[in-house]
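Structural description and commentary
Residues per chain, in single letters:
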Amino acid sequence: MLVSAAEMLKKAKAGHYAVGHFNTNNLEWTKAILTTAEELKSPVIISVSMGAGKYMGGYTVVAALVKSMHDSLKISVPVALHLDHGNYDAALACIDAGFTSVMFDGSSLPLEENVEKTKTIVKLAHSKGISVEAEVGAIGGTEDGITADGEVADPKDCALMASLGIDFLAAGIGNIHGIYPADWTGLHIDVLNDINAATNNIPLVLHGGTGIPDDQIRAAIKNGVSKINVNTDCQLVFAEATIAYCAAGKADPSGDNKEKGYDPRKLLKPGYEAIKAKVKEKMELFGSVGKAA
Ligand code: 13P
């Protein structure tokens, strides 16, 4: 059974490690994330953005895929199925579709509206045992074609959001989605420390987990981050592995692989293996390996 992310993140916060949140886009990514978590005895959060949900055929399809694969592969570690950066309607749809965790991202709304909508989502989600992530201070970068500048959240706003009954809070501390620019000045660990002190021990979430130096990841975990979101890194390794496979002529229909070269399972395997290796690397860095043993 898939579980809410509340308990696993409380444990992570108490144990000073972080649970990896990995976005999925298809069956191969889903399988790579679930099997690696199981092999490493690590809890995991598997997530979809609104765009990926649409691509995969809708949230009910995502929920059915993740649940049935989880059961069929006999995954025994805690797995939460989470909506990443959902708007209000998407959060409601995922609560209905059987997700076990949702992020309502009202960070682009006026704070009062963000607060009101977050409260409604919390009430509904909690009545079904579903965990809720909220956000203050937009995370910069580009995701699903939407670009936002990075913000540094005000600890007072974070305290207000944390008081609404949410289970974990994403707060901008200079992190952005995607590749960091060469002149990026790093995470504001001092502000994170203030946010942590102001938010009553709620697990904090670090978005934009691709490209942050390892020492800053460790410092973030030390200062209250218990969930780290990774997407771009998996996209990159998946694409690179697939392109390398094709460039090596292994999918060349005119060569020795005339028929086999078209086998989609073979074509997608290098990307699948590359995602598994990336998920493993992140779980080791975040310290979650063995925590579900
Ligand atoms: P990256 O794409 O930078 O890894 O960030 C992922 C993320 O924060 C998803 O919410």
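Residues numbered from 1 in each chain as written. Predicted model: local features only at pLDDT ≥ 70, side-chain atom pairs only at ≥ 80, totals over all residues. Heavy atoms only, no water.

Examining the overall build of the chain
Stated precisely, the cut-off is as follows: Counting from the N terminus, the helices are DSSP H or I runs at least four residues long and the strands are E runs at least two residues long. The quantity called the radius of gyration is restricted to C-alpha atoms. Its globule counterpart is 2.2 Å times the number of residues to the power 0.38. Note on contacts: a residue pair is in contact if any heavy atoms of the two residues lie within 4.5 Å. Computed by Shrake-Rupley with a 1.4 Å probe, the accessible areas treat only the displayed protein chains as cover when residues are assessed. We count Lys and Arg on the positive side and Asp and Glu on the negative side, and we leave His and both chain ends out. Charged groups are reduced to one reference atom each: NZ for lysine, CZ for arginine, CG for aspartic acid, CD for glutamic acid.
For the chain, the count of helices and strands is 11 helices and 11 strands. What you see for the chain is a C-alpha radius of gyration of 19 Å, in line with the 19 Å of a compact globule of 293 residues. Overall, the chain is about 65 × 45 × 35 Å in size when its C-alpha atoms are taken along their principal axes. Excluding contacts between residues fewer than 6 apart, the proportion of contacts in the chain whose partners are at least 24 apart in sequence is 72%. Of the roughly 12,800 Å² of accessible surface on the chain, a fraction of 55% belongs to carbon and sulfur atoms. In the chain, which carries 27 positive and 35 negative side-chain charges, the distance between the mean positions of the two groups comes to 9 Å.

Section: the side chain of Thr 232
Heads up, the rule is: Three labels apply to residues, based on accessible area from a 1.4 Å probe with only protein chains included: buried if under 20% of the type maximum, exposed if over 50%, partly exposed otherwise in between.
Along the chain, the position of Thr 232 falls in helix 10 (residues 232-247). Judged by relative accessible area, which is 15%, Thr 232 ranks as buried.

Overview of the site of the ligand
Applicable threshold: One heavy atom within 4 Å of a molecule or strand is enough for the residue carrying it to be called near that molecule or strand. Only Asp, Glu, Lys and Arg are considered charged, only Ala, Val, Leu, Ile, Met, Phe, Trp, Tyr, Cys and Pro nonpolar, and every remaining residue, Gly among them, polar.
The full set close to the ligand counts 14 residues, and Asp 84, Gly 208, Thr 210, Asn 231 and Thr 232 are the nearest of them. Within the residue set of the shell around the ligand, elements represented by two or more residues are strand 3 (79-86) and strand 11 (225-230). Among the residues forming the shell around the ligand, the class breakdown is one nonpolar, 11 polar and two charged.

Focus on helix 11 (residues 264-286)
What counts is decided by this rule: By this rule, a helix spans an expected 1.5 Å times one less than how many residues it contains.
Across its 23 residues, helix 11 extends 33 Å between first and last C-alpha, which sits within 8% of the 33 Å expected from 1.5 Å per residue. For helix 11, every residue scored as buried is listed here: Gly 271, Tyr 272, Ala 274, Ile 275, Lys 276, Lys 278, Val 279, Lys 282, Met 283, Leu 285 and Phe 286. Residues of helix 11 that are buried make contact with strand 1 (19-23), helix 2 (27-40), strand 2 (44-49), helix 9 (214-222), strand 11 and helix 10. Two residues or fewer after helix 11 comes Gly 287, characterised by a positive phi angle close to 80°.

Side note on the pairing of strand 5 (residues 131-136)
The side chains of a regular strand alternate between the sheet's two faces. Let me state the cut-off plainly: If the strands point away from the viewer and the path from the first strand over the helix to the second runs clockwise, then the crossover is right-handed.
Counting buried residues in strand 5 gives six out of six residues, a clear majority hidden from the surface. The two faces of strand 5 match: Ser 131, Glu 133 and Glu 135 on one face and Val 132, Ala 134 and Val 136 on the other face are all buried. Handedness of the crossover joining strand 4 (residues 101-104) and strand 5 through helix 6 (residues 111-127): right-handed.

So, empty space enclosed by the protein
Put simply, the rule is: Only protein atoms enter the 1 Å grid used here, on which a cavity is any set of points holding a 1.4 Å probe that cannot leave and a pocket is any open set flanked by protein within 12 Å on both sides along at least five of seven lines; residues with an atom within 4 Å of a point are listed as lining. Grid points are joined across faces, edges and corners, and a volume is the space filled by probe spheres set on the points.
Counted according to the given criterion, the structure contains one cavity of 30 Å³ or more. Counted as a void, the largest cavity has a volume near 30 Å³. Along the walls of the largest cavity sit Ala 171, Ile 173, Leu 192, Leu 204, Val 205, Leu 206 and Val 225, which together make up its complete lining. It is strand 10 (residues 204-206) that provides the largest number of residues to the lining of the largest cavity, a total of three residues. Its residues placed into classes, the lining of the largest cavity shows seven nonpolar, no polar and no charged.

Regarding the nonpolar core
How we decide: We call a set of buried Ala, Val, Leu, Ile, Met, Phe, Trp, Tyr and Cys residues a nonpolar core when their side-chain atoms join them within 4.5 Å.
The biggest cluster of nonpolar side chains holds 77 residues, and the ones touching the most others in it are Phe 99 and Leu 206. Take this core: its biggest share by element is seven residues, from helix 11. Met 8, Leu 9, Val 19 and Ala 80 belong to the second largest nonpolar core, which has 12 residues in total.

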